[in-house]
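# Overview (structure and organization)
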Amino acid sequence: MIRGVHHVGLTVANLPKMVSFYRQAAQFSPLPQHPFAVETRFSRIGEENRPIEKSLMLQAPNGYLELIPLDGAAEPSRLDVNQAGLRHICVQSAEGPAVYQNFSDAGAQFHSEFVSLGTGYLYAYARDPEQNVVELEGAPKGPNEAPPWLAHVAIVTHDIDRLSDFYSGLLGRRVHNRGHFHSNDRFDKVTALKNVDVKAAWIHTENLIIEMWQYINPPTEEQPVSLFSTAGINHISFEVDDIAADKLALQQSGYELCRDETICNGGKSVLGRDVDGNLIELLEIDQSYSGLSINALDDVSIIPRLAGVEAGAA
Ligand SMILES: [Fe+2]
């Protein structure tokens, strides 16, 4: 069974700069080391045979970011938020304005100041030093004085029904809720786009949410996924209990794997692609490394708990 999102992976052009940014802005802490050999898990997965160096895991209270430095990674480019692909991660805090300031002090560029969309949360899109979009959310019902946590990873698609069906099947979970937003200049402000008309869907896991967006205007066009060697978000890694069973389920559902089971130190990894071509990993962690499971994190269930709070309050 897929438990949740172990980590979101990013190809990075400048590892020290990115580590320093996320430490300062979000208080995510680098693990001194981790066993999951990235060169084994991702060798030759890209369009070219580039050497992959050791990756670094940044620990948040409820998940990880895996920063993968790639020698000669293409320069980061600024993609609009309606473009297809793994498009943003979301960092939440009950101390929204303070964290906004921390991001700003760390060098983030913001699309706008915090915007209220009437949900009780505050929203702003920031750009990290390599132009990745980090959505910052002020979550008033979150625990005060807790360090910021991850909330979701967002995928933008030209066909949200097809993509949400895929993730619903993969995760064995229903779409928790859907939305359709338009004629709201606050969305224009947050996204830095004009006349936004956008559909959304959300699927919860045991820790993070998979968020999906299809922009009707300006439209999300079908396009090839970003190259692994280009700086940006490059995969979502799901932690599983039994990789052989989950791999089989994936194959029986007609999905092709692009990398069969690989033994990496500390676990086993399988790579596949979603229906849009985005890279996904299944990761089973060996018992001897259970301290690196999402179960061992400080507050793995903060998002489901907050969603319960919201549901209860509705
Ligand atoms: Fe988001």
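To be clear, the structure that these remarks concern was listed above.
Residues numbered from 1 in each chain as written. Predicted model: local features only at pLDDT ≥ 70, side-chain atom pairs only at ≥ 80, totals over all residues.

Pairing in this open sheet of eight strands is mixed, and the strands run β2-β3-β4-β1-β14-β17-β16-β15 from one edge to the other. The sheet is open, and its two borders are formed by β2 (29-30) and β15 (257-264), each paired with just one other strand. Sheet topology places strand β14 (residues 232-240) next to strand β17 (residues 279-285); four bridges connect them, and they run parallel. Within β17, the residue paired with I236 across the bridge is I280. Seen against the sheet, helix α6 (residues 243-252) touches β1 (2-12), β14, β15, β16 (267-273) and β17 and runs at an angle of roughly 175° to β15. (Pairing = 2+ DSSP bridges. Helix = DSSP H or I, 4+ residues; strand = E, 2+ residues; numbered from the N terminus. Contact = placed C-beta atoms within 7 Å. Axes fitted to C-alpha atoms, helices over the stretch in contact; angles between N-to-C directions.)

A cis amide bond, omega -20°, links N217 with the succeeding residue P218. Take P218: it is sitting in the loop between β13 (209-217) and β14. Its identity is not glycine, yet E145 carries a phi of approximately 65°, on the positive side. Here E145 shows up in the loop between β9 (133-138) and β10 (149-156).

Looking at the element boundaries, E261 is found in strand β15. A tally of 14 C-beta atoms within 10 Å means that E261 is categorised as partly exposed. Put simply, E261 and L271 are ten residues apart on the chain and 7.9 Å apart in space, counted from C-alpha to C-alpha. Apart from residues no more than four positions distant in its own chain, E261 is found in contact with I243, K247, K268 and V270. (Buried ≥ 20, exposed ≤ 12 C-beta atoms within 10 Å, placed from the backbone.)

With respect to the helices and strands, Q131 occurs in the loop between β8 (122-127) and β9. Taking the C-beta count within 10 Å as the criterion, Q131 has 14 such neighbours and is therefore assigned partly exposed. Sequence separation between Q131 and V225 is 94 residues; the distance between their C-alpha atoms is 17 Å.

Below, the discussion takes up the pairing of β10. Across the eight residues that make up β10, a large majority, eight, are buried. As judged from the seven bridges shared by strand β5 (residues 85-93) and β10, these two strands associate in the antiparallel manner. Across the sheet, residue L86 finds its bridge partner in β10, namely I155. In this structure, β10 lies alongside β13, joined through five bridges in parallel fashion. Note that in β13 the partner of V153 across the bridge is I210.

Now for the environment of Y22. Mapped onto the secondary structure, Y22 falls in helix α1 (residues 15-26). C-alpha of Y22 to C-alpha of L56: the two residues are 34 residues apart in sequence and 12 Å apart in space. Not counting residues within four places of it along the chain, the set of residues in contact with Y22 comprises F28, L58 and L65.

Glancing now at the pairing of β5. The element β5 is largely enclosed, with a buried count of nine among its nine residues. Judged from the six bridges that link them, β5 and β9 form a sheet pairing that is parallel. By the bridge assignment for β9, Q92 is matched with E137.

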